[in-house]
Amino acid sequence: MHYLIEPGLWSSSPVRVAVLVGTVVAITSAVVGVFTVTRGQSFAGHSLADVATTGGSGAFLVGLNQFWGFLAFGVVAAIILEAIGVQRRRGRDVTTGVVLGAGLGLAALFLYLGTQQSNTTGASFTVLFGSIFVIQSSTIPALIACGVIALVVIVTLSRVLLLSSLSPEVAAARGVPVRAVGAAYLVALAISVSLSSVAIGAVLSTALLIGPAATALRIAKGPVRAMVTAAVIGVVVTWLGILLAYDSYYWPPHGHAWPVSFFIVALVVLAYLLTYLHRPARRRRPGLTGAPGAARPEVEVGA
Amino acid sequence: MFSGFMMNTWIAATIVAVIAGVVGFFAVLRGSTFAAHAIPNGAFAGAAGASLLGVNTLVGLAVFSIAGALGIGAFGRRARHDVATALILVLMLGVGALFISLGSQYAQETYSLLFGEVFGISPDVLLPIGILGAVSVLALAVIFRPLMLTSAMPEVAEARGVSPQRIEMVFLLVMALATSMTVPVVGALLMFSLMIGPAAAARSFTARPGLAVALSVAFGLITVWIGIAVSYETNWPLGFFVGVLGAAFFLAGRGWASLRGRRLTRPARTVPANAGA
């Protein structure tokens, strides 16, 4: 036990902050992610994170807190994506790609100007790969508030969102404002992606968004169970990732911790891969396996 | 602007733009945009690993981008394609983050691998870039017909004995090959912009595949040439100009398409080339 949980883990205030923020981020991302995966918008989710990078580096340039930059650009990008038509499946990926390309170009410029100005070359690494251990404590209330807002939006909309995700025509026929629901969802997605960008970095926030949700959708039946399972997987994976990163300070090379994001991503992918271990048998005999509870132990093994 | 060391830049960027234009056309046509984003990022992880281990960067780039392509191709058959791509992408980026953090001179190198270092190209990388580029374009030319068929009508292709999965795998491998040599030049993130922007614009200007490939290459060349010239003058990163010009071409293409949609009666065959230039 001593080797697993290093002494001083809980007395370290960066660790406490990391666990708190990580939990909020993991739950928000996982719940939003269930809809992202269902709607087939993984690419949009990833692009929002990358475009938010632009905001993060812009904020760095003007000396603001990164999170506000991430959030502003994430939400603006979501609105742009919605305005030029992400709702059309055909050509949606291409449009997303072009917005992503333009955002990355701007990010390149901001990061370049940032290094010219302040001579801290580490900025690009921090903005892109984040660091959950250096979150400024002054932003924590804002982070939590944003997480709660995104969660409330998604949970309130979950019914209409699910309907309009699975069958837009039926939803429209029933009087659901499909476009408005889609827009609200994209903004919630942008908020959750900005959160995770601050925590584990823009380029890796996709891991917490897609991984737990995709894993949950494979093992849990029904949207509510999927959301809960995804949140559990996300939280467990994040906690374990933080723990391992803390421990890794004592691994080779000595005196240099491995990045948290690496552990979180590795665990997320591992959890997803583990669902394949018994799934093929299930798929051939769909009648035999109703109980989603059977999958629960696996979650713990995977995490 | 055209002095000794700049000539390498011009040559390398020209090769890269041609490759990106050709590969990008098929990526846009097949809807493999996400893969086009993921594979260069995998290559980035490979480069970080290579510099950590002290082996040739091109080896790292090739190994990781090919592994990424194989992963997306194999995994994509069993899971939803976008989920598989996303997970492979984050896995490679996570490994890349680890490599960078374990290495020593990470910051500057991260930036140049992601956003490119077009002005620091040594003459001895031009030959491998040229060869790999020629191989990828040749490979695409060889599989052109089945590639078009599986993109446009997968069922018909299958009925004729062409396996869409196999073609998809070959295509992803070609993309990996093309990527592994272009990432050091324009960077992982901007290789993607260069593949998608010009190709998407070309598709809005014409529906004829041959012409679209040519237009896509032309737009790519215009993008990098303007980008290098302005970047040389202003010292701003090339990536910025590539990203913005790519989006501008795309918007022009969309504008053109909607304009043409409104005036369907007017035949406009020869105008696109002029409009593009």
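Participant: Teacher, can you tell me more about the overall build of chain A here?
Facilitator: A count of helical and extended segments in chain A gives 13 helices and zero strands. When the helices and strands of chain A are read in sequence order from the N terminus, they spell out α-α-α-α-α-α-α-α-α-α-α-α-α. By the burial criterion, 54% of the 303 residues in chain A qualify as buried. Of the contacts formed within chain A by residues at least 6 apart in sequence, a portion of 76% connects residues at least 24 apart.

Participant: Explain the interface of chain B and chain A here, please?
Facilitator: One frequent convention defines the size of an interface as the accessible area lost when the parts assemble. Facing the 43 residues of chain B at the interface are 41 residues of chain A. Among the elements of the structure, helix H2 (33–53), helix H4 (81–102), helix H5 (106–115), helix H10 (188–205) and helix H12 (238–262) of chain B are those that each provide at least two residues to the side of chain B that touches chain A. The element contributing the most residues to the side of chain B that touches chain A is H4(B), with 14 residues. Residue composition of the side of chain B that touches chain A, by class: 29 nonpolar, twelve polar and two charged.

Participant: What should I look at first to understand the nonpolar core in this one?
Facilitator: In globular proteins that are soluble, nonpolar side chains generally tend to be buried together. Residues and elements named next belong to chain B. Core analysis: the largest hydrophobic core is formed by 194 residues, its most contacted members being Val23 and Met175. The biggest single contributor to this core is H4, with 14 residues. Every residue in contact with methionine 175, bar those within four places of it in the chain, is listed here: Val23, Ala27, Ala35, Ala36, Ile39 and Ala69.

Participant: Sorry, what's going on with unusual backbone geometry here?
Facilitator: Most peptide bonds adopt trans geometry, and most residues besides glycine take a negative phi value. All names here are of chain B. The backbone phi angle of asparagine 235 is positive, close to 75°, even though this residue is not glycine. Position of asparagine 235 relative to the elements: it lies in the loop between helix H11 (209–234) and H12. Taking the C-beta count within 10 Å as the criterion, asparagine 235 has 10 such neighbours and is therefore assigned exposed.

Participant: Even after reading the chapter, I still don't get H2(B), so can you show me in this structure?
Facilitator: Each α-helix turn comprises 3.6 residues. Residues three or four places apart therefore point the same way. All names here are of chain B. Counted at 1.5 Å a residue, the expected span for H2 with its 21 residues is 30 Å, and the 31 Å between its end C-alpha atoms agrees. Of all 21 residues that make up H2, 19 are buried, and the element is covered over most of its length. After H2 finishes, the residue glycine 54 shows a positive phi value of roughly 80°.

Participant: Can you walk me through the packing of helix H1 (residues 13–38) of chain A against helix H10 (residues 223–247) of chain A in this structure?
Facilitator: Each packed pair of helices is defined by two parameters, the angle between the axes and the distance between the axes. Residues and elements named next belong to chain A. Two elements in contact, H1 and H10, have axes separated by 8 Å at closest approach and are oriented at 150°. Between H1 and H10, the crossing angle belongs to the class labelled roughly antiparallel. The hand of the H1/H10 crossing is right-handed. Contacts from Val15, Ala18, Val19, Gly22, Thr23, Ala26, Ile27, Ser29, Ala30, Val31, Gly33 and Val34 of H1 reach H10 at Pro223, Ala226, Met227, Ala230, Ala231, Ile233, Gly234, Val235, Thr238, Trp239, Ile242 and Tyr246. Per-class residue counts for the contact of H1 with H10 are 18 nonpolar, six polar and no charged.

Calculation notes
- Residues numbered from 1 in each chain as written.
- Chains lettered and ligands numbered in written order.
- Predicted model: local features only at pLDDT ≥ 70, side-chain atom pairs only at ≥ 80, totals over all residues.
- Helix = DSSP H or I, 4+ residues; strand = E, 2+ residues; numbered from the N terminus.
- Buried ≥ 20, exposed ≤ 12 C-beta atoms within 10 Å, placed from the backbone.
- Contact = placed C-beta atoms within 7 Å.
- Nonpolar A, V, L, I, M, F, W, Y, C, P; charged D, E, K, R; others polar.
- Core = buried A, V, L, I, M, F, W, Y, C linked by C-beta atoms within 7 Å.
- Expected span 1.5 Å × (residues − 1).
- Axes fitted to C-alpha atoms, helices over the stretch in contact; angles between N-to-C directions.
- Parallel < 35°, antiparallel > 145°, perpendicular 65-115°, else oblique.
- Left-handed = near helix turned anticlockwise from the far one by under 90°.

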